[in-house]
Amino acid sequence: MIIDIPEGQEPIGYVWGDMVPGIGMAAANFSLSVYEHTTLGLREFEAARLRIAQINGCLFCLDWRTERDGQKVEEGFAGAVSDWRTTGVFDDRTRLAAEYAERYALDHHGLDDAFWSRMTAHYTQHEIVELSMSIGSWLAFGRLNHVLGLDAVCVLPGH
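The rules behind the values
Residues numbered from 1 in each chain as written. Predicted model: local features only at pLDDT ≥ 70, side-chain atom pairs only at ≥ 80, totals over all residues. Heavy atoms only, no water. Helix = DSSP H or I, 4+ residues; strand = E, 2+ residues; numbered from the N terminus. Rg over C-alpha atoms; globule rule 2.2 N^0.38 Å. Salt bridge = Lys/Arg side-chain N within 4 Å of Asp/Glu carboxyl O. Buried < 20%, exposed > 50% of the residue type's maximum accessible area, 1.4 Å probe, protein only. Contact = heavy atoms within 4.5 Å. Polar contact = N/O pair within 3.5 Å; in protein donor to acceptor, adjacent residues only side chain to side chain. Patch = residues over 30% accessible without salt bridge, like charges linked within 9 Å, V, L, I, M, F, W, Y side chains within 5 Å. Areas by Shrake-Rupley, 256 points an atom, 1.4 Å probe, with all protein chains shown as cover. Phe/Tyr/Trp six-rings, centres within 6.5 Å; stacked < 30°, edge-to-face > 60°. Lys NZ or Arg CZ within 6 Å of the ring centre and 35° of its normal.

Chemist: I'd like a rundown of the overall build of the protein chain, residues and numbers included.
Modeler: What the protein chain contains, in helices and strands, is eight helices and zero strands. Counting helices and strands in the order they occur from the N terminus, the protein chain gives α-α-α-α-α-α-α-α. Taken over the C-alpha trace, the protein chain has a radius of gyration of 16 Å; the compact-globule value for 159 residues is 15 Å, and the two agree within 12%. Along the first, second and third principal axes, the C-alpha atoms of the protein chain reach 50 × 30 × 30 Å.

The following block contains the structure:
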């Protein structure tokens, strides 16, 4: 980790809250909003989120599993996300969510008409905007935590 954290401080809370409260709290609120206000199904949400976590290499994000109404994706889901092109356990929406996340992060200039035709066949415009904002949040904040080394010192609740 490249940021000095005072003894007894939780790293993400300190960096995001204490160091840059005007920016960090706004970022934290945006990050939380993605989880609290999503209308996307859990599988497509997690496929996109995990694909960004895999690309970013954020240890915290890779370990995290979103829970809704006591439900989480099944064991092995992260492996299926890695193999989104060929896995047999994804429906079209889930596969597209993983593909969109990857292309958003690595080749956003390559999002062509053929891709958008497939997306609009399976997602509403509202869902596309929501998924885009979610992916942007995960890309930015997961990458920030990884670059600063925060992901290596934070632990998930219950670990």
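Chemist: Which residues make up the pattern of salt bridges, and what values go with them?
Modeler: Per the stated rule, a full pass over the model turns up nine salt bridges. Here glutamate 67 and lysine 72 are joined by a salt bridge, their closest N and O atoms 4.0 Å apart. Using a relative accessible area of 46% as the deciding quantity, one classes lysine 72 as partly exposed. For the salt bridge of arginine 85 with glutamate 102, the shortest nitrogen-to-oxygen distance reads 2.7 Å. Of this pair, arginine 85 sits in the loop between helix H5 (77-82) and helix H6 (92-106) while glutamate 102 sits in helix H6, and the two are 17 residues apart along the sequence. Residue classification places glutamate 102 among the buried positions, given a relative accessible area of 11%. Here the salt bridges share partners, and the residues they tie into one network are Glu44, Arg93 and Glu127.

Chemist: Please provide a residue-by-residue account of helix H1 (residues 11-19), values included.
Modeler: Within the span of H1, buried status applies to Pro11, Ile12, Tyr14, Val15, Trp16 and Gly17. Buried residues along H1 sit in contact with helix H2 (21-36) and helix H8 (125-147). The N-capping residue of H1, defined by a side-chain oxygen 3.2 Å from the backbone nitrogen of isoleucine 12, is glutamate 10.

Chemist: Can you explain the environment of histidine 122? Please cite residues and give values.
Modeler: Summarising the element assignment, histidine 122 is placed in helix H7 (residues 113-122). A C-alpha to C-alpha distance of 26 Å links histidine 122 and glycine 70, two positions 52 residues apart in sequence. In contact with histidine 122, not counting residues within four places along its chain, are Asp92, Arg93, Leu96 and Glu127.

Chemist: Run through a nonpolar patch on the surface, naming residues and quoting values.
Modeler: Together, Met19, Val20 and Ile23 make up an exposed nonpolar region whose accessible area comes to about 280 Å². Structurally, methionine 19 is set in helix H1.

Chemist: Tell me what's going on with the environment of asparagine 56, and back it up with residues and numbers.
Modeler: One can find asparagine 56 in helix H3 (residues 42-56). On a C-alpha basis, the gap between asparagine 56 and leucine 144 in space is 9.1 Å, while along the polypeptide they are 88 residues apart. Excluding residues within four positions of it along the chain, asparagine 56 makes contact with Trp138, Leu139, Gly142, Arg143 and His146. Polar side-chain contacts of asparagine 56 include one of 3.2 Å to the backbone oxygen of tryptophan 138.

Chemist: I'd like a description of unusual backbone geometry, backed by residues and values.
Modeler: At aspartate 69, a position not held by glycine, the phi torsion is positive, near 50 degrees. Checked against the element boundaries, aspartate 69 lands in the loop between helix H4 (59-63) and H5.

Chemist: For the side chain of serine 137, give the residues involved together with the corresponding values.
Modeler: Relative to the helices and strands, serine 137 resides in helix H8. Serine 137 has contacts with Phe30, Ser31, Val34 and Gly142, leaving out every residue within four places of it along the chain.

Chemist: Account for the packing of aromatic side chains, with residues named and values stated.
Modeler: Per the counting criterion, the structure on display carries twelve aromatic pairs. Ring geometry for tyrosine 100 versus tryptophan 116: centroids 5.5 Å apart, planes at 70 degrees, classification edge-to-face. With tyrosine 100 in helix H6 and tryptophan 116 in helix H7, the pair connects residues that are 16 residues apart, well separated along the chain. Of the residues examined, tyrosine 100 reaches a relative accessible area of 3% and is grouped as buried. A relative accessible area of 27% means that tryptophan 116 is categorised as partly exposed. Among the aromatic residues, those joined into a ring-pair cluster are Tyr35, Phe45, Phe60, Trp64 and Trp138. The ring centre of phenylalanine 45 lies 5.0 Å from the NZ or CZ of arginine 68, which sits over that ring.

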